[in-house]
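Listed below, chain by chain, are the residues.
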Amino acid sequence: MSTSDFPTDPKIDALVARFPRLFHHRHPRVWSDLPQGWTELADQLFADLDAMLDDDAASVFKVIQIKEKYASLRVYWSLGEEETLVLDVIGSGSTQRFDKGPTDPTALFERIRACVKEACEQAETTCQVCGNGSASAVGSGWIVTLCGTCRARADKKDDR
Ligand SMILES: [Zn+2]
């Protein structure tokens, strides 16, 4: 099976095509996908990063994975030898996230990290389905970030 046989998320394809300096014409190393409602947000994040990084920095910047996890956006990336690592600790009814990075990060690494963090925080109040900005995480077990309208629609589906 060649890599082209892999199903890919067209929303990720669009990011790879739009930001060749950041993605180097390749999909993230780890299989990635993006909820429909967060496409604009991700697009804005990579536009910001594209503007922030000069060619040298962009050449060592790598997107490792983009995905939704526990109703929030995760973007794993590295800059040269520096890499982020996110650990999820799941307790009863709550999830805690620890964002680990290099012990002595460069200023640029910190700037990228702040930019990614802001987008991820924005995702926590953005509906995964429609992109509405007044959403919140709902559900137990399978948690999703939904606005009132999409939540009502999902509840109706469950009742059937
Ligand atoms: Zn919605």
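Before reading further, recall that the structure is shown in the block above.
Each chain carries its own residue numbering, running from 1 in the direction its sequence is written. Residue-level local features of this predicted model are given only where pLDDT is at least 70; pairs of side-chain atoms are given and counted only at 80 or more, and the full residue set underlies all totals for whole chains, interfaces and linings. To obtain the side-chain values, all non-hydrogen atoms of the structure were included, while hydrogens and water were left out.

**Here's the deal with the sheet that holds strand 3 (residues 82-83)**
(1) Moving on: Any two strands between which DSSP finds at least two bridges are classified as paired. Think of it this way: any DSSP run of H or I at least four residues long counts as a helix, any run of E at least two long counts as a strand, and we number them from the N terminus. Pairing is antiparallel in the open sheet, where 3 strands are placed in the order 1-2-3. Across the chains shown, the open sheet's two edge strands, defined by having one partner strand only, are strand 1 (61-69) and strand 3.

**As for the coordination of the zinc ion**
(1) Moving on: Counted as coordinating are nitrogen, oxygen and sulfur atoms within 2.8 Å of the metal, or 3.2 Å for Na, K and Ca, while water is not included, which may make sites look incomplete. Around the zinc ion, the protein supplies C127 (SG), C130 (SG), C147 (SG) and C150 (SG) as donor atoms, at distances of 2.3 Å.
(2) Moving on: Any coordination sphere not matching a tetrahedral pattern (four donors, all angles between 85 and 135 degrees) or a square planar or octahedral pattern (four or six donors, opposite donors over 155 degrees apart, other angles between 65 and 115) is reported as irregular. Around the zinc ion, the 4 donor atoms are arranged such that angles at the metal cover 106 to 115°; this shape is classified as tetrahedral.
(3) Moving on: Read from N- to C-terminus, the donor residues coordinating the zinc ion fall into the pattern C-x2-C-x16-C-x2-C. The same class applies to C147 and to C150, which are both buried. Throughout this description, buried means an accessible area under 20% of the type-specific maximum (1.4 Å probe, protein chains only), exposed means over 50%, and partly exposed covers the range between.

**Brief notes about a nonpolar patch on the surface**
(1) Moving on: Together, L85, L87, V89 and F98 line one region of the surface with nonpolar side chains, adding up to about 340 Å² of accessible area.
(2) Moving on: In terms of residues, the nonpolar patch owes the most to one element, strand 4 (residues 85-90), which gives 3 residues.
(3) Moving on: Considering the arrangement of structural elements, one finds F98 in strand 5 (residues 95-100). The patches described consist of residues with a relative accessible area above 30% and no salt bridge, like charges being joined within 9 Å and nonpolar side chains (Val, Leu, Ile, Met, Phe, Trp, Tyr) within 5 Å. For the accessible areas, the method is Shrake-Rupley and the probe is 1.4 Å, while residue cover comes only from the protein chains on display. What makes a salt bridge here is a side-chain nitrogen of Lys or Arg within 4 Å of a carboxyl oxygen of Asp or Glu, nothing more.

**Brief notes about the environment of I112**
(1) Moving on: Along the chain, the position of I112 falls in helix 5 (residues 107-123).
(2) Moving on: Between two residues, a contact is recorded if the distance between any of their heavy atoms is within 4.5 Å. Once residues lying within four places of it in the same chain are set aside, the contact partners of I112 are L49, M52, L53, F61, W77 and L79.

**Examining the packing of helix 3 (residues 39-52) against helix 5**
(1) Moving on: Every axis corresponds to a line fitted to the C-alpha atoms, with the helix fit spanning only the stretch in contact, and the corresponding angles, defined between N-to-C directions, vary from 0 to 180 degrees. At a minimum axis distance of 10 Å, the contact between helix 3 and helix 5 shows a crossing angle of 165°. Of the possible angle classes, the one that applies to helix 3 and helix 5 is roughly antiparallel. Helix 3 and helix 5 meet at a crossing whose hand is right-handed. Contact residues: L41, L45, D48, L49 and M52 in helix 3; L108, R111, I112, C115, V116, A119, Q122 and A123 in helix 5.
(2) Moving on: When residues are sorted by character, Ala, Val, Leu, Ile, Met, Phe, Trp, Tyr, Cys and Pro go into the nonpolar class, Asp, Glu, Lys and Arg into the charged class, and all the rest, Gly among them, into the polar class. Within the contact of helix 3 with helix 5, the residues separate by chemical class into 10 nonpolar, 1 polar and 2 charged. Should an angle fall under 35 degrees it is taken as roughly parallel, and over 145 as roughly antiparallel, whereas 65 to 115 is taken as roughly perpendicular and any remaining angle as oblique. Handedness of each helix crossing follows the sense of rotation of the near helix against the far helix: counterclockwise by less than a right angle gives left-handed, clockwise gives right-handed.

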